[in-house]
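Close look at the chain arrangement
Take a look at the letters that make up each chain.
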Amino acid sequence: MPSSGKVLASAARSASYNMILQVMFRMVTFLLNAFILRYISKEMVGVVNVRLTLLYSTILFIAREAFRRACLSSPNKNQWAKTINLIWCTIPVGFFFATILSFVWMFLLERPDDAVLPNYDIGVLIFGLSALLELLVEPLWVLGQALLFVRLKVIIEGFAIAGRCIMTVILVQKYPDLGIVIFCIAQLCFTFIYVSLYYAFFTYYIIKNKDDNFPLKCVRDIFPRIIPGAYWADISTVVLVWSFFKQGFLKQILTEGERYMMTIFDVLNFGDQGIYDIINNLGSLAARFIFLPIEESGYLFFAQTVERGKIAKKQPKESIDLASKALEALLKFVVLVGATILVFGYAYSYLLLDLYGGTLLSSGTGPTLLRFYCMYVLMIAVNGTTECFVFAAMSQKEVDRV
C-alpha cells in the first residue's frame, strides 16, 4: 500500500487534474449548448440530454459504481488477479441492466413523436451499447486509480470529450436533418476513443515496463482467469460490492431524482425538459467541476489512509491525524466556495440566463430555478465531502445499514 504522504499528494494532484477536466468538460458543454440551440429544437435537447443520457448514466452507475468503490477500498491490494476477476463482473451486470432498461425506455415510457423526432429506438440502443462497451475499461480504470496514475484519467477523458464535441458540431452544422442519429454517432465516437486509449496505454506500459512491483506482467493479465487452488475473487470484497450495490440504488435516485421524475411521470414535455437541462447544467457547474472531483479524490485518499471498520482509537495515529486534517481542510474549502456561489449566483441569475440564452431562458421560471440551485450547491458541498469520508471508513455492516 502506498504511504499516507504519497497517497495524500496523489489525491491532491488527482483532485486538481479532475477539476481541470470538469472545467473543460462543462465549459465545452456550456458553449456547445449555446451553439446547437441555433440548429436543433429544444425537444431534441430534452430527448438526448435527459432521456437518453439518463439511460446511459443509469446503466453505468448500477453496473460499475459498487465494484469501483469496493475494489479501491479492499485491504487485499496485492491480490490483483482476484480483483480483476471481480471487476470483469461489471460486463454481465451491465448487459443485464442494459437489456431491461432499454426495453423500458423503448416500450414502457412515453415516446417522442416519430414525425418530429425519428430514430428514437436507434438512440436507445446506441446509448445502451455505448455504456456496455465502456465497461470494458473498468479493470484498467481501477488499476490506474489504485496505482495513482492520476493524470491518465484526465487525459483520456479529455480526448474522448473533445472527440465527441467536434463530431457533434460537425454533424449538427453539416447534417442537421439526421436528428438523434447525430448524437448517437458522437456518443460512439466518445466510447471508441475512451476504450481505445485505455487499452493502448496499458498495453504499451505492460510491454515496456520493467518494474517488478507492477501487478500485470503481460497483456493477458488484464483479463479474467482461473486461479489454481483459490477462489476466483476475494470473498470479503464480493460482500462489500453487494453492500455498495444496495446503497448505490438510493444514491442514484437522489442524484438523478428529478430526471427520473420527468422521465417516468411525464411532468414536463420534451421541450420543457430541454430548457430544464440547460439551466441545470448552468446551476450545477460548481458541483460538477469542483465538488465532484474533490469527493472522488477524497474517497480515494481516505480509503487508502483509514482502515475500514475500525474506530478512531484503533487507527494508526499518523493515519487518523492526517485524515482528520485533510477532512477539516476540505470542508473549509467547499463551504467557502459554496457560500460565494450562493451570494453572487442569487443576485445575478437573471443576467446570466439572459446573456446565455436570451428570453428563452431568462423569462418564466428560469431565474428562480437557478437561484434554488445556488442554495442547493451549498448543501451538497458539505454533504459530498463528509459522505466520501464516511463511506471510506464504514465497515461492511455499517454500509448495509445506511
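Small disclaimer: the values here were computed from a predicted structure and weren't measured.

This brings us to the overall build of the protein chain. The secondary structure content of the protein chain amounts to 16 helices and zero strands. Sorting the 402 residues of the protein chain into buried and exposed places 52% on the buried side. Long-range contacts, defined here as pairs at least 24 residues apart, represent 83% of the contacts in the protein chain between residues at least 6 apart. Total accessible area computed for the protein chain in this model is approximately 19,100 Å², and 68% of it derives from carbon and sulfur atoms.

Time to look at the environment of A392. Turning to its location among the elements, A392 is positioned in helix α15 (residues 366-393). Spatially, the C-alpha atom of A392 lies 7.4 Å from that of V306, the residues being 86 residues apart in sequence. In this structure A392 touches Y299, F302, A303 and R308, once residues within four positions along its chain are discounted.

Looking at the protein chain as a whole, its pLDDT mean stands at 83, while 89% of the residues score no less than 70. Taking the mean pLDDT of every element in the protein chain, the minimum, 65, falls on helix α1 (residues 4-36) and the maximum, 96, on helix α5 (residues 120-134).

All right, on to α5 then. Taking 1.5 Å of rise per residue, the 15 residues of α5 would be expected to cover 21 Å, and the 21 Å separating its terminal C-alpha atoms lies within 8% of that figure. The secondary structure elements touched by the buried residues of α5 are α2 (42-73), α4 (90-108), α6 (138-146) and α8 (180-208).

Attention shifts here to a nonpolar patch on the surface. Taken together, V343, F344, Y348, L351 and L355 make up a surface patch of nonpolar side chains, about 580 Å² in accessible area. Relative to the helices and strands, L351 is located in helix α13 (residues 317-357).

With that settled, the discussion passes to the packing of aromatic side chains. One pass over the full model with this rule turns up 16 aromatic pairs. Ring centres of F96 and F97 lie 5.2 Å apart, and the angle between their planes is 85°; on these two criteria the pair is classed as edge-to-face. Three or more aromatic residues link up through ring pairs in this structure, and these residues are F96, F97, W242 and F245. Taking the ring centre of W141 as reference, the NZ or CZ of R68 above it sits at 3.6 Å.

What follows deals with the state of the cysteines. Put plainly, a disulfide is one covalent bond tying together the sulfur atoms of two cysteines. The full count for this structure, using the stated rule, is zero disulfides. Considering cysteine sulfurs only, C165 is the nearest to C189, which forms no disulfide, with 9.8 Å between them.

The next thing to look at is the nonpolar core. Residues L52, W105, F183, Y194, Y198, F202 and F302 are the most contacted members of the largest nonpolar core, which totals 98 residues. If we ignore the near neighbours within four places in the chain, the residues touching Y194 are R68, E134, V137, W141, I156, E157 and A160. L285, F291, V334 and V337 belong to the second largest nonpolar core, which has 11 residues in total.

Looking now at the packing of α5 against α8. α8 packs onto α5 with a crossing angle of 10° between their chain directions and a minimal axis gap of 9 Å. Overall, the two elements α5 and α8 adopt an arrangement that is roughly parallel. Contact residues: Y120, I122, G123, I126, F127, S130, L133 and E134 in α5; I180, F183, C184, Q187, L188, F190, T191, Y194 and V195 in α8. Classifying every residue of the contact of α5 with α8 by side-chain character gives 12 nonpolar, four polar and one charged.

What follows is about the pattern of salt bridges. All told, the structure shown has 11 salt bridges when counted by the stated rule. Where E256 meets R259, a salt bridge forms, and the shortest distance between an N and an O atom there is 3.2 Å. Here E256 falls in the buried class, since its relative accessible area comes to 11%. Through salt bridges that share partners, R64, R68 and E138 make up one connected network.

What counts as what
- Residues numbered from 1 in each chain as written.
- Predicted model: local features only at pLDDT ≥ 70, side-chain atom pairs only at ≥ 80, totals over all residues.
- Heavy atoms only, no water.
- Helix = DSSP H or I, 4+ residues; strand = E, 2+ residues; numbered from the N terminus.
- Buried < 20%, exposed > 50% of the residue type's maximum accessible area, 1.4 Å probe, protein only.
- Contact = heavy atoms within 4.5 Å.
- Areas by Shrake-Rupley, 256 points an atom, 1.4 Å probe, with all protein chains shown as cover.
- pLDDT = per-residue confidence, 0-100.
- Expected span 1.5 Å × (residues − 1).
- Patch = residues over 30% accessible without salt bridge, like charges linked within 9 Å, V, L, I, M, F, W, Y side chains within 5 Å.
- Salt bridge = Lys/Arg side-chain N within 4 Å of Asp/Glu carboxyl O.
- Phe/Tyr/Trp six-rings, centres within 6.5 Å; stacked < 30°, edge-to-face > 60°.
- Lys NZ or Arg CZ within 6 Å of the ring centre and 35° of its normal.
- Disulfide = S-S within 2.5 Å.
- Core = buried A, V, L, I, M, F, W, Y, C linked by side-chain atoms within 4.5 Å.
- Axes fitted to C-alpha atoms, helices over the stretch in contact; angles between N-to-C directions.
- Parallel < 35°, antiparallel > 145°, perpendicular 65-115°, else oblique.
- Nonpolar A, V, L, I, M, F, W, Y, C, P; charged D, E, K, R; others polar.

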